[in-house]
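# Secondary and tertiary structure notes
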Amino acid sequence: FKDAIRTLGRKIRSGTLILVETTVPPGTCEKIVTPVLYDELSKRGIDPKSVNIAHSYERVMPGNNYLSSITDYWRVFAGNTKEAADACELFLSNVLNVVDFPLTRLSSTTASETAKVMENTYRAINIAFIDEWTKYAESIDIDLFEVLDAIRKRPTHSNIRFPGLGVGGYCLTKDPTFAPAAASQLFNKNLHFPFSRMAVKINHDMPLHTVSRLKSLMNGSIYGKKILVCGVSYRQDVGDTRYSPSEILV
């Protein structure tokens with residue numbers, strides 16, 4: 001990553017906008033991108049502050065609506081300076097539908113990076129939360145889907161998750177680890193993230209519970225049985241198998 005940023009620093013001109021859109025540990029733009037770029041620009045005799053550095057994360061949803069999930073969805077952004085934030089806002093306003101989906105400007109790139117990591121961690125924890133209730137419902141023989149539908153009638157709880165095989169894809173499987181990594185590696189802070197760490201482990205182990213459930217439904221053994229697994233991608237209607245829980249299941 002640093003090598004890539006150095007390559008940019010050796011090539012770009014004054015007035016360039018560097019926009020980081022991927023999910024990174026909070027503090028990456030401030031602690032890594034900016035110093036590396038400034039170092040390379042200074043070697044070339046270019047005023048480092050003449051280059052704009054910004055962060056704006058996507059909330060992409062792979063599938064049939066992939067493009068619209070980029071252009072027609074709310075976007076958060078920030079710059080390392082006011083000028084950088086203004087340049088980022090101008091660029092995004094030219095490629096996104098900001099009339100119906102207004103932009104949200106935050107005070108720093110670290111805040112923008114944190115927003116992405118935190119919202120994905122929230123989803124991962126929400127999914128992990130259901131794991132223990134799935135086991136509870138199975139043990140006392142109640143329909144958890146029925147229970148969750150009832151809970152969703154309450155608007156404040158409409159986003160509670162369904163039971164599932166586990167978590168896959170390139171976001172929720174790793175993003176909860178980014179804040180702990182950033183705290184220790186970028187900010188030298190000794191902070192604990194018990195919910196985040198536990199969610200990653202629980203979600204990773206979910207397929208193992210499915211195997212246990214299968215064994216219990218098959219009189220304690222799956223040896224010699226033929227089991228058909230329908231669907232291996234981490235999301236329906238997407239040919240993407242990265243970190244799919246189906247792999248662990250199989």
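Everything below is about the structure printed above this text.
Read on for a plain summary of the structure.

What counts as what
Residues numbered from 1 in each chain as written. Predicted model: local features only at pLDDT ≥ 70, side-chain atom pairs only at ≥ 80, totals over all residues. Heavy atoms only, no water. Pairing = 2+ DSSP bridges. Helix = DSSP H or I, 4+ residues; strand = E, 2+ residues; numbered from the N terminus. Contact = heavy atoms within 4.5 Å. Axes fitted to C-alpha atoms, helices over the stretch in contact; angles between N-to-C directions. Patch = residues over 30% accessible without salt bridge, like charges linked within 9 Å, V, L, I, M, F, W, Y side chains within 5 Å. Areas by Shrake-Rupley, 256 points an atom, 1.4 Å probe, with all protein chains shown as cover. Salt bridge = Lys/Arg side-chain N within 4 Å of Asp/Glu carboxyl O. Buried < 20%, exposed > 50% of the residue type's maximum accessible area, 1.4 Å probe, protein only.

### Re the sheet that holds strand β2 (residues 52-55)
With mixed pairing, the four strands of this open sheet are ordered in space as β1-β2-β3-β4. Two strands bound the open sheet, and with one partner strand each, they are β1 (17-20) and β4 (104-105). Summarising the sheet, β2 and strand β3 (residues 76-79) pair through two bridges and their orientation is antiparallel. Counted as the bridge partner of A54 is G79 from β3. Contacting β1 and β2, helix α2 (residues 28-43) runs over the sheet at an angle of about 155° to β2.

### Some words on a nonpolar patch on the surface
A surface patch of nonpolar side chains, about 580 Å² in accessible area, is lined by F129, W133, Y136, I140, I142, V147 and I151. Of all the secondary structure elements, the ones that give two or more residues to the nonpolar patch are α5 (109-140) and α6 (144-152). At four residues, the largest contribution of residues to the nonpolar patch is made by α5. By relative accessible area, which is 37% here, W133 ends up partly exposed.

### Details of the pattern of salt bridges
Under the definition given, this model contains 17 salt bridges. For the salt bridge of R6 with D39, the shortest nitrogen-to-oxygen distance reads 3.1 Å. With R6 in helix α1 (residues 2-11) and D39 in helix α2, this residue pair connects regions lying 33 residues apart in the sequence. Assessed through its relative accessible area of 25%, R6 is described here as partly exposed. In this structure D39 comes out as partly exposed when scored by relative accessible area, which is 33%. Put simply, E40 and R6 hold a salt bridge, and the shortest N to O gap is 2.8 Å. Here the residue E40 occupies a position in helix α2, and R6 occupies one in helix α1, the gap between them amounting to 34 residues. For E40, a relative accessible area of 4% gives the class buried. One connected set of salt bridges, linked through shared partners, spans R6, R10, D39, E40 and K43.

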